[in-house]
Amino acid sequence: MTRQEFTALRDFVYTKSGIFFAESKQYFLENRLSRRLGDLNLSSYMAYLDLLQGPRGREELKLLFIEVTTNETSFWRNPPQIEAFQKVVMPEVAQLVRARGASRIRMWSAACSSGEEPYTLAMVAAECQDSVLRGLTVEIVATDISERVLEQARTAVYGSYTLRNLSPQQMAQHLVRAEGDNFAVKANLKAMVQLRHFNLVDYQDYRNLGTFDVIFCRNVLIYFDDAVKGKVIKGFHEQLASRSYLMVGHSESIHAFNTGFELIHFSKAMGYRKRT
Ligand SMILES: C[S@@+](CC[C@H](N)C(=O)[O-])C[C@H]1O[C@@H](n2cnc3c(N)ncnc32)[C@H](O)[C@@H]1O
């Protein structure tokens, strides 16, 4: 891949997905895209870019997104943050929902990868259904740009490594044994989760998802530059109900764009609450 090819493809990926590859990531992009070149029998990266911009571009774009995304995730990822969600955020949000006379809590797992995050939120909800959530229903909208991980999320069958943070009690409560050494998520959790394709740079489409009481957007802002981060956070702010929460990854700060949120410190974790 020449530097010129890298720049052209990098800019294309950035425009379509917000994912920004610095010069130091040229090797990563080349490595990921060489697979597509091989499969398509193309002789150069410029020919690949032409294909992306041509009549077959829409279909190829889906495969490009699969190649350029990093989908690492696991159940109960960042346990202190999930515990804060369980002990502080969920009770607070349940109270807000009741106070406005509603009976449904809506959450968004924005960039849900293969489903571990939304199913973790569903586990938390199931575990407090008879206490904090009594009389309330929970709807979790889970979205990602990669069709491949969404397909895995729909299947909802997982190996033991991604389940490593769950206790034996949680394994028994929320999963059933599947083929081989795998485990399948139980139907009551799957029923809470709606999986949808959604690209976070399609800012004008956020409002189609409706209003949320909690948004989890963890470990994806790191792939965006400040211009994209600012617009994504503005979009989240607009879709959150008053005094509701945005939870980002532990290495991600939205401080620079944080006009409408207050930073909330939990025990060993943080979150952002919409100010008004
Ligand atoms: C590292 S995973 C994080 C998964 C999960 N939120 C977690 O923290 O475990 C990042 C995910 O962001 C998704 N992603 C990247 N760019 C996106 C975009 N523009 N719109 C929606 N999802 C995107 C990727 O496909 C990937 O599944």
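Each remark here, short or long, concerns the structure printed above.
Quick summary incoming for the structure in this document. (Residues numbered from 1 in each chain as written. Predicted model: local features only at pLDDT ≥ 70, side-chain atom pairs only at ≥ 80, totals over all residues. Heavy atoms only, no water.)

Overview of the overall build of the protein
Reasoning step 1: Along the backbone of the protein there are 10 helices and 10 strands.
Reasoning step 2: By principal-axis analysis of the C-alpha atoms, the protein measures approximately 60 × 50 × 35 Å.
Reasoning step 3: A burial count over the protein gives 52% of its 276 residues as buried.
Reasoning step 4: Considering only intrachain contacts with a sequence separation of at least 6, the fraction spanning at least 24 residues in the protein is 72%.
Reasoning step 5: Distance between charge centres in the protein, computed from 34 positive and 30 negative side chains, equals 5 Å. (Helix = DSSP H or I, 4+ residues; strand = E, 2+ residues; numbered from the N terminus. Buried < 20%, exposed > 50% of the residue type's maximum accessible area, 1.4 Å probe, protein only. Contact = heavy atoms within 4.5 Å. Lys, Arg positive; Asp, Glu negative; His and termini not counted. Charge placed at Lys NZ, Arg CZ, Asp CG, Glu CD.)

Digging into the site of the ligand
Reasoning step 1: Taken together, 21 residues surround the ligand, and among them Ser17, Thr73, Ala111, Asp144 and Asn219 come closest.
Reasoning step 2: In this structure, arginine 77 approaches the ligand through a side-chain N or O atom, which is 2.8 Å from an oxygen atom.
Reasoning step 3: In this structure, leucine 200 approaches the ligand through a main-chain N or O atom, which is 2.9 Å from a nitrogen atom.
Reasoning step 4: Calculation on the ligand without its partners gives an accessible area of 600 Å², and the protein chains cover 99% of this total. (Near = heavy atom within 4 Å. Polar contact = N/O pair within 3.5 Å; in protein donor to acceptor, adjacent residues only side chain to side chain. Areas by Shrake-Rupley, 256 points an atom, 1.4 Å probe, with all protein chains shown as cover.)

Considerations on the side chain of threonine 162
Reasoning step 1: Here threonine 162 is to be found in the loop between β3 (157-158) and α8 (168-174).
Reasoning step 2: Aside from chain neighbours lying at most four places away, what touches threonine 162 is Thr73, Ser74, Phe75 and Glu116.

Things to note about unusual backbone geometry
Reasoning step 1: The backbone of alanine 111 shows a phi angle near 75 degrees, a positive value even though the residue is not glycine.
Reasoning step 2: You can see alanine 111 is positioned in the loop between β1 (104-110) and α6 (116-127).
Reasoning step 3: Phi at alanine 156 takes a positive value of approximately 60 degrees, unusual for a residue other than glycine.
Reasoning step 4: Secondary-structure assignment places alanine 156 in the loop between α7 (147-155) and β3.

Some points on the side chain of arginine 32
Reasoning step 1: Inspection of the secondary structure assignment puts arginine 32 in helix α2 (residues 26-40).
Reasoning step 2: One buried charged residue, arginine 32, forms no salt bridge at all, with the nearest opposite charge on glutamate 67 at 5.4 Å.
Reasoning step 3: Polar side-chain contacts of arginine 32 include one of 2.4 Å to the backbone oxygen of glutamate 67.
Reasoning step 4: Not counting residues within four places of it along the chain, the set of residues in contact with arginine 32 comprises Glu67, Val68, Thr69 and Thr70. (Salt bridge = Lys/Arg side-chain N within 4 Å of Asp/Glu carboxyl O.)

A few points about the sheet that holds strand β6 (residues 193-197)
Reasoning step 1: As summarised here, the arrangement of the seven strands in space is β6-β2-β1-β7-β8-β10-β9, forming an open sheet in which the pairing is mixed. The open sheet has two edge strands with one neighbour each: β6 and β9 (261-266). Mean inter-strand twist for the sheet, computed between neighbouring axes without regard to direction, equals 20 degrees.
Reasoning step 2: Bridge count for β9 against strand β10 (residues 269-274) is six bridges, and the pairing is antiparallel. Residue leucine 263 lies in a different strand from β10, and its bridge partner there is tyrosine 272. (Pairing = 2+ DSSP bridges. Axes fitted to C-alpha atoms, helices over the stretch in contact; angles between N-to-C directions.)

Some remarks on the nonpolar core
Reasoning step 1: Residues Phe85, Ile105, Met107, Leu133, Met192 and Val214 are the most contacted members of the largest nonpolar core, which totals 47 residues.
Reasoning step 2: In terms of residues, this core owes the most to one element, helix α5 (residues 79-99), which gives eight residues.
Reasoning step 3: If we skip the residues at most four places from it in the chain, leucine 133 touches Met90, Ala94, Arg98, Ile105, Ala125, Cys128 and Val138.
Reasoning step 4: If you look at the next biggest cluster of nonpolar residues, it comprises 45 residues, including Tyr45, Phe65, Val232 and Tyr272. (Core = buried A, V, L, I, M, F, W, Y, C linked by side-chain atoms within 4.5 Å.)

Some words on the pattern of salt bridges
Reasoning step 1: If you walk through the whole model with that rule in mind, you get 16 salt bridges.
Reasoning step 2: Note that arginine 218 and glutamate 117 form a salt bridge whose closest N and O atoms lie 2.9 Å from each other. Taken together, the residues arginine 218 in the loop between β7 (212-217) and α10 (226-239) and glutamate 117 in helix α6 connect sequence positions 101 residues apart.
Reasoning step 3: Glutamate 117 gets classed as buried once you look at its relative accessible area, which sits at 6%.
Reasoning step 4: In this structure, arginine 273 and glutamate 262 form a salt bridge, with 3.5 Å as the shortest nitrogen-oxygen distance. Within this pair, whereas arginine 273 is found in strand β10, its partner glutamate 262 is found in strand β9, the two being separated by 11 residues in sequence.
Reasoning step 5: A residue is classified by how much of its surface remains accessible, and arginine 273, at 14% relative accessible area, is buried.
Reasoning step 6: Each of Glu92, Arg243, Glu262 and Arg273 takes part in a single network of salt bridges with overlapping partners.

Section: the sheet that holds strand β4 (residues 175-177)
Reasoning step 1: Pairing is antiparallel in the open sheet, where three strands are placed in the order β3-β5-β4. The sheet is open, and its two edges are formed by β3 and β4, each paired on a single side.
Reasoning step 2: Relative to strand β5 (residues 183-185), β3 runs antiparallel, the two being bridged by two bridges. Directly across from tyrosine 158, in β5, lies its bridge partner phenylalanine 183.

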